[in-house]
Structures are given as structure tokens and as C-alpha cells.
Amino acid sequence: MPFDVQPPSGKRVAVIGSGPAGMSAAYYLAIAGHGVTVFERDPAPGGMLRYGIPQYRLPKVEVLEAEYQGVWDLGVKVVTDAALGRDFTLDDLQNQGFDAVCVAIGCYDTNKLGVPGEEAVGVLDGLEYLRVATLGLPFPGHAGTRVVVIGGGFTSMDCTRTSVRQGAAEVTLVYRRDMKDMPAANEVHEALEEGARAIFQAAPTRVITDDQDRVTGVEFQRMRLGEPDASGRRRPEPVAGTEFVIECDRVLLAIGQGPDLTWLDRGASGVSATKNRRLAADAVTFTTGRPGVFGTGDVRIGAATVVQANAEGRRAAYAIDAYLQGQDLDAIRTRQTLAEPQPEFLSIVPYTGEVKEPRYRLKAMGAEDRNRSYVEYEIPYTQQEAMAESARCLQCTCEAIGYCDLRRQGIEYGTTLKTLEPQARGAFSYRSVSENRFTGTNHDYIRDDSHAFILREPSRCIDCGRCANVCKEIVGAACYDFMRTGFDTLVTTPLDMSLNTTPCVSCGRCAETCPTGALMPKPRVLEKYDVDETRCILCGICVDACPYDALRCGPDFELSHESRAEPMIDLMAISAIDRDTEITYVRRERDWLERAQASGRGLPAGRFLPVLPATSQAGNGHTHSNGHGAAHGGTGGHGPGGTGGPVTHGP
């Protein structure tokens, strides 16, 4: 448990919906000490995690059940087969004594195409189709059919790849925009490998049926990409005379979802919907128009990702906890709005001396293996790959990231105001960091990379003068000062000379105090310095000048040797003895397992972190770790088509 569970508060909270938003809210409310009851309309908790995401993407027993068990262990109660508006109302819950109600029912109503024939037999709701498939059941009559999936999100991709696994004879995904504009664009190549095909920049115009109103095909029209819309993507526009027909037996609709808000008609006075058919709830406090009722997750913001839903639930839990403690939520909203403006991140080119290594991509089972089962197809990192990925430079831009005064003042003074200049992908751009809306264009200063330890980026300088004060008053070198006047004023070296020609002692304090990254320390690795003690007069100047207290004065540390016979002092070794660091600790503990075994302390394999068996480390895609030290054969699975292959225990 990463958080301390607070004592019982005596307050009761009802959470409606057991998806990611609802369970996240229930988890943090239980930690806060409140009694939480979760109401779920389905026979088992999980929401979209259980009934909407396929097994090959999210294993239910290995991952979902274990995650939910952690919530039940906190004392959270669950009531299944209980739907809002069907089995109870908001009035009922508040009359039962619940001090607060959190509505997190998600989005389960699939949007309609709005074209003739979409009510024909064979036009299926994509979510209903996935619901059956995620339960490990074959969808009736789906095998051997020709399927067309319409949409470009993760639901459409799940419908496409699940149809392949369900034995469809032909699966075609059609999306009205270009592939790069698909929310699930990173999965298209995997679906194609598994046997599906994809058609882009085409939109349906009508569903073709026979005399019995059964689907025989879908007519599409080619689209061209026009001007950008509100999402920043180019709006698809129909091209006359480009109609074509795809013959099919079934059509799966996956063009977005919305929440079911029919429950607002009974026992929900004070709660309303927005014009976009979402639950009206405040973005900061999550309050609705009814006291004690809060809304969070997809029902508030629309269909989003699991991560976004989790974040929504956590933030809502904090707001509900404040409400139960009697705090004024309106005052909290005002304080947060003033203290936390929406960040407008500036584009700052980073400097790094690290080698720019590419990201380690997860391996996957071969397409011929994964399209016949529901086994989680992505193979986790091996131990060596995980260590290499964790050590890879992430290129975190500026040294001042997280506490950059330039960013803070840019937001405060509006230097990142929106303009009408279109970006490359059509979205509205933001005012450039090189543009000054009061005076004009900033100077095009040149980066100074001549110094061995300090990188100078004058274009980032905001003339705060910190570096000049530190260098003059503390270090005593006085390498910087205000140069020139007016708009040309800049804190720099005399005549813009290199730091190499100034009295710079390479202490790094100027870079340490710079708030914007105009001065940054360059990466360096120092093994040792050679010190000739025979020439030392014990003046103590080095001790005073060292900004990191690497040298000290005093009778207990004046000399590291009792005699001057060996004048070479390994300062790095002294530093390692004097204090431990994370790096020295990791290096020392790297061989802990070998030392434990050498001392006769045998450790059971089940206690180790899961590591792939040796047969999977080559990435051939024929075995797969389930996260519990076991690997299933490529033909095994939890859904139809899986035969439960042999099990091999990992190391």
C-alpha cells in the first residue's frame, strides 16, 4: 500500500460504475477513511476494462482481477446487477444515507452513422460485439462472414482484430481521415499483419440491403482533406463521383460513444446534461447542480483512454473528500484556478552530450500465432532490455524544467498567446519564444559551446542577474555583468568573450542558479584529480572556493595520509568513503543475488520479479509471459481458438 489509510471518517460514499474512473475514485476515497459502496450494472465489476477491452490487450485474470482485489482489500463493497435509472435513482441513494454520490458510468452508447440503411440486420454495435468476445464466447454467426468495421479509434481496432480471431473470412477497416490522424494509428500495422485490410479517406454514404433487409454491402465515398477543424486535424470533405461499394455480411459501428443519460428523467433533480450530451459537472470540483452528487470519467469528458479515466477518478476523490470534510469547494476552485493556470509549454531545444539511443520497442508474437488466440501478444522486456531502457537518456530538454521562470513569466505576461498562424498539421499555433509582442523580435544569439563545463544559451536569458551576483559575490571571479543598454541589455561576459578567457573557475554555480537554462552544466565524468601535497601550503583557498564542499578544513581531515611520502590523493575515493550515493549503492548491490547464494541463503524462484524464460528472450514470438513466471504456448489462450498450450515455468 503506497498510501497510509486514514482512520474511519463515518462518512459513506456511493460510486456508480466500476470502470477505471469509478474504481480509482473508490480506491482513494477508501484510503481517505470513507465507507465506499460501488454499484455496477453488469454481473461482474470492471466496466469497459472487462467488457470492452479484448483479452489479448488486457488479461482479465492475470491483471484485472489482481488490480481490483487491492480495492476490495480496503473494505470497498460492490453491488452488481444494479443499474442507475433501472434499479435505483440518485434520490434512493441519498435517502439510504449516502453522504456523497459519484457518477462514473462511462460511455456505452455507440454513435450512429446517420446514413440510410443503418438499421438493417447485420449492422452491429461495436461495443456489444466486443462485450460477447471479451467473455470468451464466439459471436453468433460471425465465423466465415465478410466484416466491415467503420471507425478509427481503439474500439474500431479492437473490433477489427477480434473479428480476425473470431474467424471472419474477410475484415476491412474503413476510416474517413488519413492513417496518421487515427487515434489508434500505432496498431494499424499489427492488424494488417494479422490478416485485416484498411481503407483510408472514405466515409459511408448508405448501407446496401437485400429484400429481407439484410446487409449485402456498404457504399463509401472518397474524402479529401480540407481545412483544419477544432481538433487540429484536417477536416475530411467528400469528393463527388468517387462512390464505391464494399460487399459484406456484417457492419461493426465504432465511430465513438456517448453516455446513457436517460436516468436524468427520474429521481435526479438538479443534475443536467451539456449540449454535447455529457453529464454537466465542474472540471475542478466535479460537482453537479445537486449537492453531494459528483460526476467524473467518460460520462463527464466523453470517451477517453483508461489513463485519463483513472486520473479523473483520483481528482474527483480528492474533491469528494474535501466536500465530506466540510470545505468550501467554490473557494477551492477559485484558488486552484488562480494558482494553477493551464501550462503553455515553450519549445526549447535541449542540449545533451548523451548518445540519443532509440526506444526499446516491445516484441510481439508472430501474426500467424496471435491471430488464432487471445493470449496477450506483446512480450515484456527481458531483464537486460529493461535495464538498458531505464538507463537510456530521455532528453528531458532544459536543466530548468519544472521550475523555469521563463515559462512561468511567459504564462503570466501572455507571451504564449494563441495566434491564427496555422502549424504544419493545421492546428492554431502559439506565439514563439523568439517573438516579443511588446518590442519585436528577440536577438538571434548564438550558443556558446566553447567552455568545457558550461553551456551558454543567451537566447534564454531573462536578465535576472543571478549568475552575475553569484559569480561576483560568492565565487569572486566576476565573469558576468549587464552589458549594453535598453532592449539590447544582456547578462553576459565582457565583450561576449568565451568563458575560457575569463577568470572562470568552472565551479558551476552560475548554471546552478540560472532559472531558465541560459547557463547549463555540460555532461562530464571525472575520475580523479592529482594533488601534489608537497607544494600545498594549507592556505585553504581551495576549500573556500569549492561550491560543493568536496574539500574541508579541520584537524580531523587536514591530511589523508600520515606522511607526505605518497603525495597523490584520490579525491573520488575519499568522496565515496565519506558519503554514499545512489550510483555507488546500485553498483554495490548489483550482485546481491550471487552474494546471497554464495552465503548459503537460497531464495525461492517465486519471490523474484517475473522474467521471460530463455526460449522467449530471442523474441521469436512463440512463447509469452503472463506475468506470473509462466509462459503459454503460442496456440494457447483464454478465448475461442486457444487450446491451452503447454506451460513452462520461468527462471
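What you see is a predicted model, and the numbers here were worked out from it, not measured in a lab.

Some remarks on the packing of aromatic side chains
- Counting across every chain of the model gives 9 aromatic pairs.
- Residues F220 and F244 carry aromatic rings whose centres are separated by 5.8 Å and whose planes lie at 25° to one another, so their mutual orientation is stacked. With F220 in strand β11 (residues 215-228) and F244 in strand β12 (residues 234-247), the pair connects residues that are 24 residues apart, well separated along the chain.
- When the ring of F294 is compared with that of Y323, the centres are 5.4 Å apart and the planes differ by 70°; the resulting orientation is edge-to-face. Note that F294 is positioned in strand β15 (residues 293-295) and Y323 in helix α9 (residues 306-324), a separation of 29 residues in sequence.

Some thoughts on the nonpolar core
- Counting residues in hydrophobic clusters, the biggest one holds 31 residues, and the most contacted among them are V13, V15, L29, V36, V38, V76 and I320.
- For this core, the secondary structure elements donating two or more residues are β1 (12-16), α1 (20-31), β2 (35-39), α3 (60-72), β4 (100-103), α9 and α10 (329-339).
- It is α1 that contributes the most residues to this core, 8 residues altogether.
- Counting residues in each nonpolar core, the second largest holds 20 residues, with F88, L90, V103 and V299 among its members.

Details of α9
- Taking 1.5 Å per residue as the helical rise, α9 with its 19 residues ought to reach 27 Å, and the 27 Å between its terminal C-alpha atoms agrees with that figure.
- Of all the positions in α9, only A309, E312, G313, A316, A317, A319, I320, D321, A322 and L324 are classed as buried.
- Once α9 finishes, G326 follows within two positions and takes phi at roughly 85°, a positive value.

Overview of α3
- Taken together, the buried positions of α3 are K60, E62, L64, Y68 and V71.
- Buried residues along α3 sit in contact with α1 and α2 (48-51).

Thoughts on the side chain of H142
- By the element assignment, H142 lies in the loop between α5 (126-134) and β7 (146-150).
- Polar side-chain contacts of H142 include one of 3.2 Å to the side chain of S163.
- The residues contacting H142, other than those within four sequence positions of it, are Y129, V147, S163, Q166, A168 and R250.

What about the sheet that holds strand β6 (residues 123-125)?
- In space, the 5 strands of this open sheet follow the order β6-β13-β7-β8-β9, with parallel pairing throughout. Each having just a single partner strand, β6 and β9 (197-200) make up the two edges of the open sheet. With strand direction ignored, the average angle separating the axes of adjacent strands in the sheet is 25°.
- Running over the sheet, α5 touches β6 and β13 (250-253) and is turned about 70° from β6.
- Across the sheet, helix α6 (residues 154-165) touches β7, β8 (170-175) and β13, and the angle it forms with β8 is around 170°.

Some thoughts on the pattern of salt bridges
- On inspection of all chains with the given rule, the structure shows 24 salt bridges.
- Between D158 and R57 there is a salt bridge, with its nearest N and O atoms 2.3 Å apart. Taken together, the positions of D158 in helix α6 and R57 in the loop between α2 and α3 put the pair 101 residues apart, joining distant regions of the chain.
- Among the residues examined, R57 registers a relative accessible area of 27% and is labelled partly exposed.
- Between R161 and E194 there is a salt bridge, with its nearest N and O atoms 2.7 Å apart. Here R161 is found in helix α6, whereas its partner E194 is found in the loop between α7 (188-193) and β9, with 33 residues between them in sequence. Each member of the pair, R161 as well as E194, is classed as buried.
- Here the residues in one salt-bridge network are R57, D158, R161, R165, E187, E190, E193, E194 and R370, joined through shared partners.

What counts, and at which threshold
- Residues numbered from 1 in each chain as written.
- Predicted model: local features only at pLDDT ≥ 70, side-chain atom pairs only at ≥ 80, totals over all residues.
- Heavy atoms only, no water.
- Phe/Tyr/Trp six-rings, centres within 6.5 Å; stacked < 30°, edge-to-face > 60°.
- Helix = DSSP H or I, 4+ residues; strand = E, 2+ residues; numbered from the N terminus.
- Core = buried A, V, L, I, M, F, W, Y, C linked by side-chain atoms within 4.5 Å.
- Buried < 20%, exposed > 50% of the residue type's maximum accessible area, 1.4 Å probe, protein only.
- Expected span 1.5 Å × (residues − 1).
- Contact = heavy atoms within 4.5 Å.
- Polar contact = N/O pair within 3.5 Å; in protein donor to acceptor, adjacent residues only side chain to side chain.
- Pairing = 2+ DSSP bridges.
- Axes fitted to C-alpha atoms, helices over the stretch in contact; angles between N-to-C directions.
- Salt bridge = Lys/Arg side-chain N within 4 Å of Asp/Glu carboxyl O.

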